[in-house]
Amino acid sequence: MSDPNDLPTTMACPQCSTKMESFWVQSRNPGIDVELDRCHSCGGVWFDSGELEVASGGAGGLEGP
Ligand SMILES: [Zn+2]
(Lines give C-alpha, C1' and ligand atoms only; values in the text may rest on other atoms or scores of the structure.)
Protein backbone atom coordinates (compact mmCIF):
# COMPACT_ATOMS: atom_id res chain seq x y z
CA MET A 1 0.00 0.00 0.00
CA SER A 2 1.24 3.50 -0.77
CA ASP A 3 1.40 6.09 1.95
CA PRO A 4 -0.66 9.17 1.01
CA ASN A 5 1.75 11.29 3.04
CA ASP A 6 4.72 10.09 1.06
CA LEU A 7 4.79 12.86 -1.49
CA PRO A 8 7.09 12.30 -4.47
CA THR A 9 8.54 15.78 -3.98
CA THR A 10 9.84 14.86 -0.53
CA MET A 11 13.08 12.96 -0.57
CA ALA A 12 14.15 10.40 1.99
CA CYS A 13 17.60 10.93 3.46
CA PRO A 14 20.11 8.75 1.57
CA GLN A 15 21.98 8.26 4.83
CA CYS A 16 19.29 7.42 7.36
CA SER A 17 16.08 7.23 5.27
CA THR A 18 14.35 9.92 7.33
CA LYS A 19 11.98 12.14 5.41
CA MET A 20 13.71 15.44 4.74
CA GLU A 21 12.45 19.00 4.70
CA SER A 22 12.87 21.06 1.58
CA PHE A 23 14.01 24.65 1.80
CA TRP A 24 15.22 27.30 -0.61
CA VAL A 25 18.47 29.18 -0.50
CA GLN A 26 19.92 31.86 -2.73
CA SER A 27 22.77 30.66 -4.88
CA ARG A 28 25.84 32.64 -5.91
CA ASN A 29 24.01 33.54 -9.08
CA PRO A 30 21.78 36.58 -8.42
CA GLY A 31 18.11 35.84 -8.82
CA ILE A 32 18.60 32.09 -8.82
CA ASP A 33 17.44 30.06 -5.85
CA VAL A 34 18.10 26.39 -5.38
CA GLU A 35 16.06 23.85 -3.46
CA LEU A 36 17.84 21.84 -0.84
CA ASP A 37 16.67 18.98 1.35
CA ARG A 38 17.66 18.92 5.01
CA CYS A 39 17.48 15.91 7.29
CA HIS A 40 16.59 16.65 10.89
CA SER A 41 17.76 13.24 12.01
CA CYS A 42 21.41 13.28 10.92
CA GLY A 43 21.70 16.94 9.97
CA GLY A 44 22.62 16.16 6.40
CA VAL A 45 21.84 18.57 3.58
CA TRP A 46 21.33 17.18 0.11
CA PHE A 47 21.03 18.70 -3.30
CA ASP A 48 18.71 17.51 -5.96
CA SER A 49 20.43 16.58 -9.20
CA GLY A 50 21.97 19.56 -10.95
CA GLU A 51 21.34 21.99 -8.13
CA LEU A 52 24.82 21.63 -6.71
CA GLU A 53 26.32 23.01 -9.91
CA VAL A 54 23.95 25.96 -9.80
CA ALA A 55 24.67 26.71 -6.15
CA SER A 56 28.41 26.50 -6.64
CA GLY A 57 28.31 28.79 -9.64
CA GLY A 58 29.28 26.04 -12.04
CA ALA A 59 28.34 25.70 -15.71
CA GLY A 60 31.58 27.24 -16.97
CA GLY A 61 32.00 29.66 -14.09
CA LEU A 62 35.62 28.66 -13.67
CA GLU A 63 36.59 30.10 -17.02
CA GLY A 64 37.76 33.70 -17.12
CA PRO A 65 40.67 36.04 -17.70
ZN1 LIG B 1 19.55 11.68 7.59
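The notes below deal with the structure included here. Given the structure is predicted, the values throughout are model-derived calculations rather than measurements. (Residues numbered from 1 in each chain as written. Predicted model: local features only at pLDDT ≥ 70, side-chain atom pairs only at ≥ 80, totals over all residues.)

The helix and strand tally for the protein chain stands at one helix and three strands. Its helices and strands in sequence order give the protein chain the pattern β-β-β-α, from N to C terminus. Residue burial in the protein chain is summarised as follows: out of 65 residues, 6% are buried. (Helix = DSSP H or I, 4+ residues; strand = E, 2+ residues; numbered from the N terminus. Buried ≥ 20, exposed ≤ 12 C-beta atoms within 10 Å, placed from the backbone.)

Next up on the list: the pairing of strand S1 (residues 21-26). Counting buried positions along S1 gives zero out of six residues, so the element sits mostly on the surface. Inspection of the sheet shows S1 paired to strand S2 (residues 33-38) by six bridges, in the antiparallel sense. Along S2, the bridge assignment pairs Glu21 with Arg38. Taking the residues that link successive antiparallel strands as the turn, the S1-S2 hairpin has six residues, and the phi of Gly31 there is positive, at about 85 degrees. (Pairing = 2+ DSSP bridges.)

Now for the environment of Ala12. Inspection of the secondary structure puts Ala12 in the segment before S1. Each C-alpha atom of the pair Ala12 and Arg38 lies 9.7 Å from the other, and the pair is 26 residues apart in sequence. Other than its neighbours up to four places away in sequence, Ala12 contacts Ser17, Thr18, Lys19 and Met20. (Contact = placed C-beta atoms within 7 Å.)

What follows covers the pairing of S2. In the sheet, S2 pairs with strand S3 (residues 45-47) via three bridges, with the strands oriented antiparallel. In the strand pairing of S3, Asp37 is matched with Trp46. Adjacent in sequence and paired antiparallel, S2 and S3 are bridged by six residues, among which Gly43 carries a positive phi angle near 80 degrees.

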